[in-house]
Amino acid sequence: MDKKQKLSKDFYTRDVHTVAKELLGKLFTRKIGKTVISGMIVEVEAYDGSIDEASHSFGGKTNRNKVMFNEGGSLYVYFTYGMHFCANVVTGREDESKAVLIRALQPVDGIDLMTKYRYNKKEITRNEFVNLTNGPAKLCKAFKIEREQNGTDLTGGEIFILKSANINKAKIAVTTRIGIKKSVDLPWRYYIKDNPFVSKK
DNA sequence: ATCAAGATTACCT
DNA sequence: GGTAATCTTGATA
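## Topic: the packing of aromatic side chains
1) Next: Applying the stated criterion across every chain, the model contains 5 aromatic pairs.
2) Next: Aromatic side chains Phe11 and Tyr12 sit 5.3 Å apart centroid to centroid with 80° between the ring planes, which places their arrangement in the edge-to-face category. As far as burial versus exposure is concerned, Phe11 and Tyr12 are alike and both buried.
3) Next: Pairing Phe28 with Phe143 gives two aromatic rings, centres 5.5 Å apart and planes at 55°, and the pair type is tilted.

Given below as structure tokens:
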């Protein structure tokens, strides 16, 4: 078997916090034509519609958030602030409405194409490189993840996540989440300590 | 029909 | 550190 194996359904249908922590270090991957673009997941946040007021799904199913109610293994993409998309990995069983927001990636493959989608040019500065995928809306732009990608099956061939070694527990930082106004004290943000592509300390 | 808020980012001082 | 940009969604009438 290939060393870089695609995560299967079983990975995603587990507890949202377990999935969130285990996603760190794995390769978020998209195939566009013949080109593969990928980045190592370095920062995530968990959202749980059953007890978490900050979750889009807290108030029940709506047209916007319905993908969050799928069984684990779907990609939930939402549009916000009139200009940005963010991507989540849906976890757990059907109707649990729990998902992991992908907040930051470290670019690995297809950096030229990411650069084109993100900045629409070829040459970028060192600073622009660091900013390529170090935020939830930035990485969506670099991976061209938009409305049409909402509901994508992560066990399919378009967007998927590749296995790699788990990150040592001692290297995972746990903090409160960023940019929310409700349930602000829940320690549901996980990131790889000292990684330069984490969005914010 | 109207309206406020938003799981952000880029650019300004 | 502050805030404009920009528009969809969901709630209320």
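After that view, the rundown keeps rolling.
## Observations concerning the protein's contact with DNA strand B
1) Next: For DNA strand B, the set of nearby residues contains 22 residues, the closest of which are His56, Tyr78, His84, Asn88 and Arg118.
2) Next: Close to the protein, within 4 Å, the atoms of DNA strand B are drawn from sugar and phosphate at a rate of 55%.
3) Next: At 2.9 Å from a phosphate oxygen of DNA strand B is found a side-chain nitrogen or oxygen belonging to Arg118.
4) Next: Here a phosphate oxygen of DNA strand B and a backbone polar atom of Lys138 are 3.3 Å apart.
5) Next: When contributions to the surface near DNA strand B are tallied by element, the ones reaching two or more residues are β3 (75-80), β4 (84-91), β5 (98-109) and α5 (136-142).
6) Next: For the surface near DNA strand B, the residue count by class is 11 nonpolar, 7 polar and 4 charged.

## Considering the nonpolar core
1) Next: Of all hydrophobic cores here, the largest spans 43 residues; its most connected members are Leu23, Phe28, Ile41 and Ile145.
2) Next: With 5 residues, the single largest contributor to this core is strand β2 (residues 35-48).
3) Next: Excluding residues within four positions of it along the chain, Ile41 makes contact with Leu23, Leu24, Gly25, Lys26, Phe28, Ile102, Ala104, Leu105, Ile161 and Ile192.
4) Next: Ranked by size, the runner-up nonpolar core spans 12 residues in total, among them Met68, Tyr76, Cys86 and Ile180.

The rules behind each value
Residue numbers restart at each chain and count upward from 1, following the sequence in its written direction. Written order decides the labels, with chains lettered from A and ligands numbered from 1. Local features in this predicted model are restricted to residues whose pLDDT is 70 or higher, and side-chain atom pairs enter the listing and the counts only when it is 80 or higher, whereas totals over whole chains, interfaces and linings include all residues. Side-chain descriptors were evaluated using all non-hydrogen atoms of the structure, hydrogens and water having been removed beforehand. The pairing test for Phe, Tyr and Trp rings, Trp by its six-membered ring, is centres within 6.5 Å, and the orientation test on the planes gives stacked under 30 degrees, edge-to-face over 60, and tilted for anything in between. Think of it in three bands: residues with accessible area under 20% of the maximum for their type are buried, residues over 50% are exposed, and the middle band is partly exposed, with areas taken using a 1.4 Å probe on protein chains only. Note on definitions. A residue lies near a molecule or strand when any single heavy atom of the residue is within 4 Å of it. Between N or O atoms, a polar contact is any pair within 3.5 Å; within protein, one atom must be a potential hydrogen donor and the other a potential acceptor, and residues adjacent in sequence are included only when both atoms are from side chains. Numbering of helices and strands runs from the N terminus; a helix is a DSSP stretch of H or I covering at least four residues, while a strand is a stretch of E covering at least two. Gly falls in the polar group here, along with every residue not listed as nonpolar (Ala, Val, Leu, Ile, Met, Phe, Trp, Tyr, Cys, Pro) or charged (Asp, Glu, Lys, Arg). As used here, the term nonpolar core means buried Ala, Val, Leu, Ile, Met, Phe, Trp, Tyr and Cys residues forming a set that is joined through side-chain atoms within 4.5 Å. Two residues qualify as a contact provided that any one of their heavy atoms is within 4.5 Å of a heavy atom in the partner residue.

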